[in-house]
Amino acid sequence: MAEINQMEKLVSLCKRRGFVFPSSEIYGGFAAIYDYGHYGTLLKNNIRDAWWKHMVQYRDDVVGLDSAIFMHPKTWVASGHVDSFDDPQIDCKKCKARMRADHILEVFGINADKQPLEFINAEIKKLKELGKLKCQACGSTDVTEAKRFSLMVKSNLGSPTDALSEENVVYLRPETCGGIYLEYKNTVDSTRVKLPFGIAQIGKAFRNEIVARQFIFRTREFEQMEMQYFLHPSIMKEKYEMWKKLRWDWYLEYGIAGENIQWHQHEKLAHYASEAYDVEYDFKSLGGFKEIEGVHARGNWDLSQHAKFSGVDLSYLDEKTGERFVPHIMETSVGLGRLFLMFLDKAYTEEEIKEGEVRTVLKLDKRLAPIKVAIFPLMKNKPELVSKAREIFDGLKMRWMCEFDDNGNVGKRYRRQDEIGTPYCVTVDFDSLEDGAVTVRDRDTMRQERIGIEKLESFFSGKFYN
Ligand code: ATP
């Protein structure tokens, strides 16, 4: 079971080195919720910034937004989420485990994605009759029929009582794009954007996932990075292909090999959609290709529905052609936590450096690495070395996330920095005091070279894009 080992190793490294902790551990944990520690926060922020740069900063046709998690409850009625944002759930009568019926059917090669409950239950019945349907936890064949389980998370924001009734329910957003649709008009009115243009946002989303036991791959609270591109339907095909290529190239740019990602085309589309593809990554830790990002052509469903339910005109007047129409939307939607897991999965490496000695190293893209440079005095109890190392740290930290470390021997410090993926370690030794040079050690090749202290900044410049 190589995959399981790989996942166990990642989970353990994440906890040991302060990347990801299970939430509320001192209270016994809280299922499918995770906290990001120091290095995890840094890595996550770097992935977030890499996305933002490509989606907003480097473009002149996409603007940003940071909308609230809470929105008017009608938002989710208009979008169809209240009625139908659910997954088919089956329960084991013996051990009470909950399972996703569509995932179980997938194991038998049956695609139940967006299929009606009747279809799912007919397939489940056939498998039951053949004695093939078993609880994934205890192996019992005594499982229920599938029923719809809503993924919407409710809150009682602003309610005078604690009780939730249909009138006072407020939802925690299940996806971030809802806020984009609601701020479409304000954005057009305030930022001088003209079609085609996009609105991008990064933020938390909440889903009451039935099964969530794949570490941070599927959690009940997660961050999404979404971009909604508003356009005239006549250019949908062209822009869809453009965004598919841009997103694909983004993965390659950050070191994901072409053979480790693939497009998966949705067979069954929502009635308003014209195209839907997912990017899938071949996770070593999850045993194969799994969805990380969706690229969807959504027609004009979203704005039309919100116009209908709010009574506000959301149409667009093309000043050149004089045509008035409700813009169509093509979206890219990716989970930040899933990208985090993908980059870790890709980076995690065990290398035999000499017989019987294995080093664990995170070969993260240098721009994404949580710490860019670690600075060591060779010995902790030599004040001249310590103050020189501090001086270098104080200079470099103004540009990059650096770490000063004087604990244990240098070999041990290298191992620790390897495990958190630090691309360069700088050691100040006795020669440094004479020749003004330090030893710079490269994480991947482990090669060491002497570099003058005054040349360090220019040496690192360009390696991390700041
Ligand atoms: P899945 O089929 O895996 O449940 P989905 O098709 O419902 O995902 P979308 O609604 O298209 O997902 O969401 C877009 C992206 O948001 C996904 O590709 C994924 O990266 C991320 N995402 C969705 N649900 C979760 C979750 N529960 N935990 C972490 N990331 C998620």
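Residues numbered from 1 in each chain as written. Predicted model: local features only at pLDDT ≥ 70, side-chain atom pairs only at ≥ 80, totals over all residues. Heavy atoms only, no water.

Caption draft 1: Structural context of helix H11 (residues 336–347). Between the first and last C-alpha of H11 there are 16 Å, a value that for twelve residues agrees with the 16 Å anticipated at 1.5 Å per step. Across the twelve residues that make up H11, a large majority, eleven, are buried. Here H11 has its buried residues at Leu336, Gly337, Arg338, Leu339, Phe340, Leu341, Met342, Phe343, Leu344, Asp345 and Ala347. (Helix = DSSP H or I, 4+ residues; strand = E, 2+ residues; numbered from the N terminus. Expected span 1.5 Å × (residues − 1). Buried < 20%, exposed > 50% of the residue type's maximum accessible area, 1.4 Å probe, protein only.)

Caption draft 2: Layout of the pairing of strand E10 (residues 221–231). Among the eleven residues in E10, ten count as buried, and that is most of the element. Across ten bridges, the pairing between strand E9 (residues 197–206) and E10 is antiparallel. Among the inter-strand pairings, phenylalanine 206 is bridged to a residue of E10, identified as glutamate 221. Inspection of the sheet shows E10 paired to strand E16 (residues 328–335) by eight bridges, in the antiparallel sense. By the bridge assignment for E16, methionine 227 is matched with threonine 332. (Pairing = 2+ DSSP bridges.)

Caption draft 3: Here's a closer look at the sheet that holds strand E19 (residues 373–377). On the basis of which strands lie adjacent, the open sheet formed by five strands has the order E20-E19-E21-E22-E23 and mixed pairing. Looking at which strands have only one partner, the edges of the open sheet turn out to be strand E20 (402–404) and strand E23 (448–452). This sheet shows a mean twist of 25° between the axes of neighbouring strands, independent of strand direction. Judged from the three bridges that link them, E19 and E20 form a sheet pairing that is parallel. By the bridge assignment for E20, isoleucine 375 is matched with phenylalanine 404. Sheet strands touched by helix H13 (residues 410–420): E19, E20, strand E21 (424–428), strand E22 (437–442) and E23. Its angle to E19, the strand with the most contacts, is close to 170°. (Axes fitted to C-alpha atoms, helices over the stretch in contact; angles between N-to-C directions. Contact = heavy atoms within 4.5 Å.)

Caption draft 4: Summary view of the site of the ligand. Close to the ligand lie 15 residues, the nearest being Glu209, Arg218, Thr219, Glu291 and Ile292. Contact between the ligand and arginine 207: an oxygen atom at 2.9 Å from a side-chain N or O atom of the residue. The protein chains hide 85% of the 590 Å² of surface that the ligand would expose on its own. Across the shell around the ligand, the residue classes tally to four nonpolar, five polar and six charged. (Near = heavy atom within 4 Å. Polar contact = N/O pair within 3.5 Å; in protein donor to acceptor, adjacent residues only side chain to side chain. Areas by Shrake-Rupley, 256 points an atom, 1.4 Å probe, with all protein chains shown as cover. Nonpolar A, V, L, I, M, F, W, Y, C, P; charged D, E, K, R; others polar.)

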